[in-house]
Amino acid sequence: MRKSLALLAACGLLLLSARIGAAQDAPAWPGRLGAYVFEVTRDGDPIGTQTVTLKQDGEKLIVTTESAIAVRMLGITVYRMHQVLTDIYQDNRLIEVAAETKDPEGLRAGKITREGDRWTGKIGRQHRDFECGCEVSSTMFQMAVLKGAKMIEASPLELRSVSIEDKGPETLDLPEGRVETRHFAVTGEIEREVWYDPAGNLVSARQRGSDGSLIQQNLLSDPQASRAAGSEVSD
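Residues numbered from 1 in each chain as written. Predicted model: local features only at pLDDT ≥ 70, side-chain atom pairs only at ≥ 80, totals over all residues. Heavy atoms only, no water.

Student: Explain empty space enclosed by the protein to me, please; I cannot follow it from the model alone.
Tutor: Rolled over the atoms, a probe with the dimensions of a water molecule shows which regions are left empty. Evaluated as defined, the whole model comprises two cavities of 30 Å³ or more. Quantified by volume, the largest cavity comes out at close to 40 Å³. Lining the largest cavity, in full, are Tyr 36, Phe 38, Val 52, Leu 54, Phe 141, Asn 201 and Leu 202. Listing elements by their share of the lining of the largest cavity, those giving two or more residues are strand 1 (34-42) and strand 2 (45-57). Per-class residue counts for the lining of the largest cavity are six nonpolar, one polar and no charged. (1 Å grid on protein atoms, 1.4 Å probe; cavity = no way out; pocket = protein on both sides within 12 Å on 5 of 7 lines; lining within 4 Å. Points joined across faces, edges and corners; volume = space filled by probe spheres on them. Helix = DSSP H or I, 4+ residues; strand = E, 2+ residues; numbered from the N terminus. Nonpolar A, V, L, I, M, F, W, Y, C, P; charged D, E, K, R; others polar.)

Quick look at the structure:
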């Protein structure tokens with residue numbers, strides 16, 4: 001079980017990757033600003049929450065993903081994890097990724113920054129240095145920037161190779177109502193499924209842990225107070 005949850009943490013929990021099949025399918029960047037709150041479950045049992053916050057700060061878009069996980073068995077907490085991942089964009093371009101994770105293995109923190117297509121930095125005492133024209137990390141908060149066969153896995157700040165399949169439209173029944181979504185499957189060094197709403201924001205995701213357990217994330221609330229299936233609600 002611990003291996004399963006460690007994998008979940010290393011991957012930035014729910015935040016997965018996908019690619020737009022055609023430019024006209026991409027929603028306006030960056031979708032709706034504000035806080036998106038998710039419930040995280042393991043084999044159907046709640047184990048915590050995750051909040052993804054999109055904030056505009058001048059020319060920069062700051063995306064913060066904060067996760068709090070606590071797994072209990074027979075009333076005893078057997079695993080606890082707190083994680084904050086930060087993606088910073090400028091001119092629609094990913095320029096910095098930072099991570100801070102506290103779990104039974106201790107505290108790990110670091111960041112990498114971009115100069116051209118070269119990424120440098122460190123996490124703990126480990127240095128990072130690689131080339132990538134990456135425009136998205138594994139937080140995968142927004143469908144519009146998802147492209148390419150490489151991405152930065154946010155928690156360890158490492159480069160990964162992926163393949164993305166557009167599985168088409170799908171209607172999901174979420175706690176806040178029925179939502180028309182676009183479904184993508186990611187395979188390769190990261191393997192997950194992810195669903196985005198008509199505005200391009202993440203609403204659901206799932207992946208298998210190393211022990212075969214099913215990790216699921218579903219949107220509980222977002223900046224839009226209510227939804228009509230597949231349509232935006234006017235102010």
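Student: How should I be thinking about the state of the cysteines in this particular structure?
Tutor: Covalent bonding between the sulfur atoms of two cysteines is what defines a disulfide. Inspection of every chain in the model, using the stated rule, returns one disulfide. What pairs with Cys 132 in a disulfide is Cys 134, and their sulfur atoms sit 1.7 Å apart. Here the S-S torsion is close to 90°, and the disulfide linking Cys 132 with Cys 134 is therefore right-handed. Taking the relative accessible area as the measure of exposure, Cys 134 reaches 2% and is therefore buried. (Disulfide = S-S within 2.5 Å. Buried < 20%, exposed > 50% of the residue type's maximum accessible area, 1.4 Å probe, protein only.)

Student: Looking at this structure, how should I read the pattern of salt bridges?
Tutor: Pairing between side chains of opposite charge can happen when the charged atoms of each approach one another. Overall, the coordinates contain 15 salt bridges when judged by the stated rule. Two residues, Glu 158 and Arg 128, come together in a salt bridge whose shortest N-O distance is 3.4 Å. With Glu 158 in strand 10 (residues 158-174) and Arg 128 in strand 8 (residues 126-131), this residue pair connects regions lying 30 residues apart in the sequence. The exposure class of Glu 158 is partly exposed, given its relative accessible area of 27%. (Salt bridge = Lys/Arg side-chain N within 4 Å of Asp/Glu carboxyl O.)

Student: Is there a simple way to explain the nonpolar core in this structure?
Tutor: Most often, soluble globular proteins have nonpolar side chains that are buried together. Counting 42 residues, the largest nonpolar core has Val 97, Trp 119, Ile 152 and Tyr 196 as its most contacted members. Looking at this core element by element, the count peaks at four residues for strand 10. Counting seven residues, the second largest nonpolar core, distinct from the first, contains Val 40, Ile 47, Tyr 79 and Ile 215. (Core = buried A, V, L, I, M, F, W, Y, C linked by side-chain atoms within 4.5 Å.)

Student: Looking at this structure, I do not really get the packing of aromatic side chains. What am I missing?
Tutor: For any pair of aromatic rings, the description consists of the separation of the ring centres together with the inter-plane angle of the planes. Scanning the entire structure with this criterion turns up two aromatic pairs. Taking the centre distance of 5.8 Å and the plane angle of 65° together, the rings of Tyr 89 and Phe 141 count as edge-to-face. Of the two residues, Tyr 89 is situated in strand 4 (residues 76-90) and Phe 141 in the loop between strand 8 and strand 9 (150-153); the sequence distance between them amounts to 52 residues. For the pair Phe 184 and Tyr 196, a centre-to-centre distance of 6.2 Å together with 75° between the ring planes defines the contact as edge-to-face. Linking Phe 184 in strand 11 (residues 177-188) with Tyr 196 in strand 12 (residues 192-196), this pair joins segments that are 12 residues apart in sequence. Exposure remark for Phe 184: the relative accessible area of 1% places this residue in the buried category. (Phe/Tyr/Trp six-rings, centres within 6.5 Å; stacked < 30°, edge-to-face > 60°.)

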